[in-house]
Amino acid sequence: MVRLEGLVRLRGLDLPLLRRAAASVPGTVTDAWPVEVENLLRAAVARLGGGDLQEAAGRTLGLAPGMRDRAAADRRRLAAQVYGLSVERFRKSQEEMVLGQVAEWVCWIADTGNRDAARTGALPAPHLQHRTLRLARSGRPLTVTLHIHPVELLRNVDVIVSPSNTHLGLPEMYKASVSASLRRAGAVRDAVGDVVEDPVHDDLTEWRRKHGVLHRPVLPGTVAPTGPGALAEQGVRRIYHAVVAVPRPGTNDYEVTPQNVAAAAARALALMSGERDAHTPPLRSVCFPLLGAGRGGLTPENSVSALWTALAADADPDRELHLVVRRPLVADLVTDVLGGVRTDPGPPAGPDERKGHGCG
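Residues numbered from 1 in each chain as written. Predicted model: local features only at pLDDT ≥ 70, side-chain atom pairs only at ≥ 80, totals over all residues. Heavy atoms only, no water.

## Points about the overall build of the chain
- Assigned secondary structure in the chain consists of 14 helices and eleven strands.
- Buried residues in the chain amount to 50% of all 360 residues.
- Sequence-distant contacts, at least 24 apart, represent 63% of the contacts inside the chain between residues at least 6 apart.
- In the structure as shown, the chain presents an accessible area of about 16,500 Å², 52% of it carried by carbon and sulfur atoms. (Helix = DSSP H or I, 4+ residues; strand = E, 2+ residues; numbered from the N terminus. Buried < 20%, exposed > 50% of the residue type's maximum accessible area, 1.4 Å probe, protein only. Contact = heavy atoms within 4.5 Å. Areas by Shrake-Rupley, 256 points an atom, 1.4 Å probe, with all protein chains shown as cover.)

As structure tokens, this is what we get:
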């Protein structure tokens, strides 16, 4: 509705959930609510990480300079130009993704209580949560740190595992998947936010060329290591691209089985053990998203069960194991499946503790 009617018509729109999200006190609606909603949207768009995604969102919602009173058709056309697409192609594909990403951050800001930042339009500080799960593994305890935030906000984790398909093709940066998020976060940008280097993509292409699979698929369970690109500034040292998805010919869909997830996870742990001492200090911590639980079609329960097959068999007692999910509801499902005890109440830890858990 906001995209269609524009910012200048906010007051005449029925937007109860956006008004609630933007209200300074839960349940309170003030006479200035259109300004609060606009600032909430600006804060959400500011969290998109720059580049084409943020630019298209600003244009299509009328938040970019000079766009406030433009007609919806003009805003859509100018947003489509960001991606070099026709208006119709943009409407059927990227526009839904762009608005969905804005909605994700609106929910995040509202859920975490960063309403002061939303009202002022300032960049909200991410509300990073983690849970410490104490699990039993072959009669001995195992600690798994469960992060509840976007994967690109991980810090001080040596290795992040990224799901991939059998062609080891990275999605475009504007996509919403884990692998797209890591590619976007790993990109090197100039002072105005434009991408000048794409090191994660380039490293993966070089790995494919070196292993003779530049023009053919690899087997499910393959894991290709690359550098972290700009994520090195957050303490990330490696990205492992774990092949779990098999494209279905003639469609945009993938097939993912729990067996492939378990095999890829086990291979990632084995690769990390092999690379461990080649780095200074040695690689110790690794974080898995729920492999195959996106477009792959696995339920979160099936994905974490398959991951647990590999994690429970890990023989390295010194390895720090992490999982990452975006939403508390999914974190609850993961906790229930693993049968762990949540020992952390959820609010962000202090700086020293966060560094230890890799979620700072």
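## Some details on the side chain of Glu275
- Mapped onto the fold, Glu275 is located in helix α11 (residues 258-275).
- Glu275 sits in the buried class, given a relative accessible area of 13%.
- In this structure Glu275 touches Pro225, Arg238, Tyr240 and Leu283, once residues within four positions along its chain are discounted.

## Comments concerning empty space enclosed by the protein
- Under the counting rule described, the total for this entry stands at one cavity of 30 Å³ or more.
- Within this model, the largest cavity holds a volume of roughly 40 Å³.
- Lining the largest cavity are Gln101, Trp105, Pro150, Glu152, Ala176, Ser181, Arg184 and Arg326.
- At the level of elements, α7 (94-112) and α9 (178-186) are the ones that each hand at least two residues to the lining of the largest cavity. (1 Å grid on protein atoms, 1.4 Å probe; cavity = no way out; pocket = protein on both sides within 12 Å on 5 of 7 lines; lining within 4 Å. Points joined across faces, edges and corners; volume = space filled by probe spheres on them.)

## Observations regarding helix α3 (residues 33-46)
- Compared with an ideal rise of 1.5 Å per residue, which puts 14 residues at 20 Å, α3 spans 20 Å between its outermost C-alpha atoms and is within 8% of the ideal.
- In terms of residue burial, α3 counts as a mostly covered element, since eleven of its 14 residues are buried.
- Taken residue by residue, α3 has Trp33, Pro34, Glu36, Val37, Glu38, Asn39, Leu40, Leu41, Ala43, Ala44 and Val45 as its buried positions. (Expected span 1.5 Å × (residues − 1).)

## As for the packing of helix α12 (residues 300-312) against helix α13 (residues 328-338)
- One can describe the packing of α12 onto α13 by two numbers: an axis separation of 9 Å at closest approach and a directional angle of 45°. Overall, the two elements α12 and α13 adopt an arrangement that is oblique. Judged by the sense of rotation from one axis to the other, the crossing of α12 with α13 is right-handed. Here Pro300, Glu301, Val304, Ser305 and Trp308 of α12 come into contact with α13, specifically with Val330, Leu333, Val334, Val337 and Leu338.
- Of the residues that constitute the contact of α12 with α13, the class distribution is eight nonpolar, one polar and one charged. (Axes fitted to C-alpha atoms, helices over the stretch in contact; angles between N-to-C directions. Parallel < 35°, antiparallel > 145°, perpendicular 65-115°, else oblique. Left-handed = near helix turned anticlockwise from the far one by under 90°. Nonpolar A, V, L, I, M, F, W, Y, C, P; charged D, E, K, R; others polar.)

## Comments concerning the environment of Val244
- Take Val244: it is sitting in strand β7 (residues 238-247).
- Measuring from C-alpha to C-alpha, the distance between Val244 and Gly296 comes to 8.4 Å, with 52 residues separating the pair along the chain.
- Beyond its immediate chain neighbours, meaning those up to four positions away, Val244 contacts Pro163, Ser164, Glu255, Val256, Asn260, Val261, Ala264, Leu291 and Gly292.

## A short note on the packing of α11 against α12
- Running from amino to carboxyl end, α11 crosses α12 at an angle of 40°, the nearest separation of the two axes being 8 Å. As far as their axial angle goes, α12 and α11 are oblique. Classified by chirality, the crossing of α12 by α11 is right-handed. Along its contact with α11, which presents Pro258, Val261, Ala262, Ala265, Ala266 and Leu269, the element α12 presents Ser303, Ala306, Leu307, Thr309, Ala310 and Leu311.

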